[in-house]
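Chain by chain, the residues:
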Amino acid sequence: MSVVSLRVNGALHEVDVEASTPLLYVLRNDLGLRGPRFGCGLAQCGACTVIIDGVATRSCVTPVGQVNGEITTLEGLAKDGKLHPLQQAWIDEQVPQCGYCQNGQIMTAKALLDRNPNPTDAEIREGMEGVLCRCMTYYRIQAAIKRVVRSTAASAEEASA
């Protein structure tokens, strides 16, 4: 066991764990965060996705001892009681079916929009590739991402007028 320091959603945490422990287990079991979920345990489905220094990362295969950056989980997106635009768009577009994959979908979409705030349909499909939804809500997911792109562009246009 060793003490590992993690900055998660802006707060510093120290946990006494084996350095090889998957980050997902530490987030869920030690820090009590329920956003990232165990899906496949092989980095193939995306349910466990978190953002580490701006990069969508599969926490189920990321050893906690190798994490050096700021970790953002689904719980870290809302600020001051206000949902992140992606979370609101997910609700507005009625994306979730069973909801199990939504953490990975939203976190991957956030990393995509942070890198490319105005993606094309093809870039959205490419950016979201590998985050699986067994309920097949892919069209709604794309609609939610496009809703955020439109609202962000409209806000920027209003600010410049």
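Numbering of residues starts from 1 in each chain and follows the order in which that chain's sequence is written. Under the rules for a predicted model, residues below a pLDDT of 70 receive no local features and side-chain atom pairs below 80 are neither given nor counted, while totals for whole chains, interfaces and linings still include all residues. Calculation of side-chain values draws on the structure's entire complement of heavy atoms; hydrogens and water are dropped beforehand.

### Looking at the overall build of the protein chain
Logical step 1: Secondary structure assignment for the protein chain yields 5 helices and 5 strands.
Logical step 2: Radius of gyration means the value over C-alpha atoms here, while the globule rule gives 2.2 Å times the residue count to the 0.38 power. For 161 residues, the compact-globule formula gives about 15 Å, and the C-alpha radius of gyration of the protein chain, at 16 Å, lands near that figure.
Logical step 3: Along the first, second and third principal axes, the C-alpha set of the protein chain runs to 55 × 35 × 25 Å.
Logical step 4: Exposure categories follow from relative accessible area, calculated using a 1.4 Å probe and restricted to protein chains: below 20% of the type maximum is buried, above 50% is exposed, and the middle band is partly exposed. Taken across its 161 residues, the protein chain has 42% of its residues classed as buried.
Logical step 5: Only the protein chains shown count as covering a residue, and every accessible area follows the Shrake-Rupley method with a 1.4 Å probe. Surface accessibility of the protein chain: about 8800 Å² in total, with carbon and sulfur atoms responsible for 50%. Strands are runs of DSSP state E lasting at least 2 residues, helices are runs of H or I lasting at least 4, and numbering of each runs from the N terminus.

### Describing the state of the cysteines
Logical step 1: When two cysteine sulfur atoms are found within 2.5 Å, that pair is recorded as a disulfide. Under the definition given, this model contains 0 disulfides.
Logical step 2: In this model C98 remains outside any disulfide bridge; the closest cysteine sulfur is found in C135, 3.7 Å from its own.
Logical step 3: A relative accessible area of 48% means that C98 is categorised as partly exposed.

### Structural notes on the packing of helix α3 (residues 102-115) against helix α5 (residues 138-160)
Logical step 1: The N-to-C vectors of α3 and α5 enclose an angle of 40°; their axes lie 11 Å apart at closest approach. For the element pair α3 / α5, the angle class is oblique. Handedness of the α3/α5 crossing: right-handed. Across from Q105, A109 and L113 in α3, the residues of α5 making contact are Y138, I141, I145, V148 and V149. In this analysis, axes come from line fits to C-alpha atoms, helices being fitted only over the stretch in contact, and the angle between any two N-to-C directions falls in the range 0 to 180 degrees. Oblique is the label for any angle not covered by the other classes, which are roughly parallel (under 35 degrees), roughly antiparallel (over 145) and roughly perpendicular (65 to 115). What makes a crossing left-handed is the near helix being turned counterclockwise from the far one by less than a right angle; a clockwise turn instead makes it right-handed. By the convention used here, residues are in contact when the closest approach between their heavy atoms is within 4.5 Å.

### Remarks on α5
Logical step 1: Helix span, as expected, comes to 1.5 Å for every residue beyond the first. The end-to-end C-alpha distance of α5 is 33 Å, a good match for the 33 Å that 23 residues give at a rise of 1.5 Å each.
Logical step 2: For α5, the full list of buried residues reads I141, Q142, A144, I145, V148 and V149.
Logical step 3: Buried residues along α5 sit in contact with α2 (85-92), α3 and α4 (121-128).

### Digging into the layout of surface pockets
Logical step 1: The way it works is a 1 Å grid over only the protein atoms, where trapped points that fit a 1.4 Å probe form a cavity and open points with protein on both sides within 12 Å along at least five of seven lines form a pocket, and then any residue with an atom within 4 Å of a point lines it. Grid points are joined across faces, edges and corners, and a volume is the space filled by probe spheres set on the points. Reported here for the largest pocket is a volume of approximately 210 Å³.
Logical step 2: Lining the largest pocket are Q105, I124, R125, M128, E129, G130, V131, M136, Y138, Y139, I141 and Q142.
Logical step 3: Where the lining of the largest pocket is concerned, the elements lending two or more residues are α4 and α5.
Logical step 4: Among the elements that take part in the lining of the largest pocket, α5 stands out by supplying 4 residues, more than any other.

Structural measurements only, silent on function.
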